[in-house]
Amino acid sequence: MPLTRDEDIKELLEETRTIAMIGASDRPDRPSYGVMAYLQSRGYRVIPVNPQITGEHIHGEFVFRELSQIGEPIDMVDIFRRSIAAGEAVDEAIAAGAKSVWLQIGVINEEAAARAEAAGLKVVMDRCPKIDIPRLGVPRVDGAH
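Just so we're clear, the structure is a prediction, and the values are computed from it rather than from any experiment. (Residues numbered from 1 in each chain as written. Predicted model: local features only at pLDDT ≥ 70, side-chain atom pairs only at ≥ 80, totals over all residues. Heavy atoms only, no water.)

A.B. asks: I would appreciate a short explanation of the pairing of strand β5 (residues 76-79) in the present structure.
C.D. replies: With burial as the criterion, each face of β5 is covered, one bearing M76 and D78 and the other bearing V77 and I79. With four bridges connecting them, strand β1 (residues 18-22) and β5 associate as parallel partners. Opposite I22, over in β5, you have I79 as the bridge partner. Sheet topology places β5 next to strand β6 (residues 100-103); four bridges connect them, and they run parallel. Considered in β6, the bridge of V77 is made with V101. (Buried < 20%, exposed > 50% of the residue type's maximum accessible area, 1.4 Å probe, protein only. Helix = DSSP H or I, 4+ residues; strand = E, 2+ residues; numbered from the N terminus. Pairing = 2+ DSSP bridges.)

A.B. asks: Quick question: what am I supposed to make of helix α3 (residues 83-96) here?
C.D. replies: One turn of the α-helix equals 3.6 residues, which is why residues spaced by three or four share an orientation. Between the first and last C-alpha of α3 there are 20 Å, a value that for 14 residues agrees with the 20 Å anticipated at 1.5 Å per step. Taken as a whole, α3 has its buried residues at A85, A86, G87, A89, V90 and A93. Of the surrounding elements, those touching the buried residues of α3 are β1, β5, β6 and α4 (110-118). (Expected span 1.5 Å × (residues − 1). Contact = heavy atoms within 4.5 Å.)

A.B. asks: How should I be thinking about the packing of helix α2 (residues 31-41) against helix α5 (residues 129-136) in this particular structure?
C.D. replies: The axes of two packed helices give the description: the angle between them and the distance between them. In the contact formed by α2 and α5, the axes pass within 9 Å of each other and the chain directions differ by 35 degrees. Taken together, the residues of α5 that come into contact with α2 (itself represented by G34, V35, Y38 and L39) are P129, K130, I133 and P134. (Axes fitted to C-alpha atoms, helices over the stretch in contact; angles between N-to-C directions.)

A.B. asks: Mind showing me how you'd approach the layout of surface pockets here?
C.D. replies: Using a probe with the size of a water molecule, rolled over the atoms, empty space left in the structure can be pinpointed. Reported here for the largest pocket is a volume of approximately 480 Å³. In this structure, the largest pocket is lined by 20 residues; those nearest its centre are G23, A24, N50, F80 and R81. Within the residue set of the lining of the largest pocket, elements represented by two or more residues are α2 and α3. When its residues are assigned to classes, the lining of the largest pocket shows seven nonpolar, five polar and eight charged. (1 Å grid on protein atoms, 1.4 Å probe; cavity = no way out; pocket = protein on both sides within 12 Å on 5 of 7 lines; lining within 4 Å. Points joined across faces, edges and corners; volume = space filled by probe spheres on them. Nonpolar A, V, L, I, M, F, W, Y, C, P; charged D, E, K, R; others polar.)

A.B. asks: Would you explain the packing of aromatic side chains in this entry?
C.D. replies: One pair of aromatic rings is described through two measures. These are the centre distance and the angle between the planes. In the structure shown here, the tally under the stated rule is one aromatic pair. Ring centres of F62 and F64 lie 5.0 Å apart, and the angle between their planes is 75 degrees; on these two criteria the pair is classed as edge-to-face. Using a relative accessible area of 34% as the deciding quantity, one classes F62 as partly exposed. Owing to a relative accessible area of 17%, F64 belongs among the buried residues under this scheme. (Phe/Tyr/Trp six-rings, centres within 6.5 Å; stacked < 30°, edge-to-face > 60°.)

A.B. asks: Is there a simple way to explain the side chain of E61 in this structure?
C.D. replies: Tracing the backbone shows E61 in strand β4 (residues 61-62). Residue classification places E61 among the buried positions, given a relative accessible area of 16%. Only 2.9 Å separates the side chain of E61 from the side chain of R45, close enough to count as a polar contact. Ignoring anything within four residues of it in the chain, the contact list for E61 reads M36, Q40, R45, V46, P48 and E56. (Polar contact = N/O pair within 3.5 Å; in protein donor to acceptor, adjacent residues only side chain to side chain.)

A.B. asks: Explain helix α1 (residues 6-15) here, please?
C.D. replies: If you check which residues of α1 are buried, you get I9, L12 and L13. Buried residues of α1, viewed axially, fall in a sector of 95 degrees; they line one side. Contact partners of the buried residues in α1: β5, β6, β7 (122-124) and α5. (Arc of directions from axis to C-beta.)

A.B. asks: Where do I start with the UniProt feature "domain: CoA-binding" (unreviewed entry) in the chain in this structure?
C.D. replies: The UniProt feature table records "domain: CoA-binding" (unreviewed entry) at residues 12-107. Helix makes up 30% of residues 12-107 and strand 23%, and the two end C-alpha atoms of the span are 19 Å apart. (UniProt positions renumbered as here; feature names shortened; annotations may be inferred.)

A.B. asks: Could you clarify how one ought to interpret the pattern of salt bridges in this entry?
C.D. replies: Between side chains of opposite charge, a pair can form when the charged atoms approach closely. Counted according to the given criterion, the structure contains 13 salt bridges. Here R135 makes a salt bridge to D6, at a shortest N to O gap of 2.9 Å. Taken together, the residues R135 in helix α5 and D6 in helix α1 connect sequence positions 129 residues apart. Look at R135 and you get partly exposed, because its relative accessible area is 43%. Of the residues examined, D6 reaches a relative accessible area of 30% and is grouped as partly exposed. A salt bridge links R27 to D29, with the nearest nitrogen and oxygen atoms 3.5 Å apart. (Salt bridge = Lys/Arg side-chain N within 4 Å of Asp/Glu carboxyl O.)

Below you can see the structure in the form of structure tokens.
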């Protein structure tokens, strides 16, 4: 089952340092743009992933085409994709050795969540870290791995 208890979600956010964001956007009107900036302001390293703008930069970070290109440990994969496309993103997260997946508000894919959990990943679904971090009083992280 995805994490739902505040204590579990807070612990996950406190343990996380590096976040890969699938569906990151360079458009200021997109939710992922603001969430990425917020997470960076809280000390997280956020690595954007978006095949449509590979090679560009968002908030100073190089945009990768896919998770497998990143080549460094990923604590969390934050998924800004439609629910139907979230399964592919979760499978990429499993293959990349991520520790957790976070499906954004409105992104619900029970089958993908079950695959992630079976592979040992923690799962948060239909929530937003930009909302949960201040609500849960998660302290700023130092960004070190």
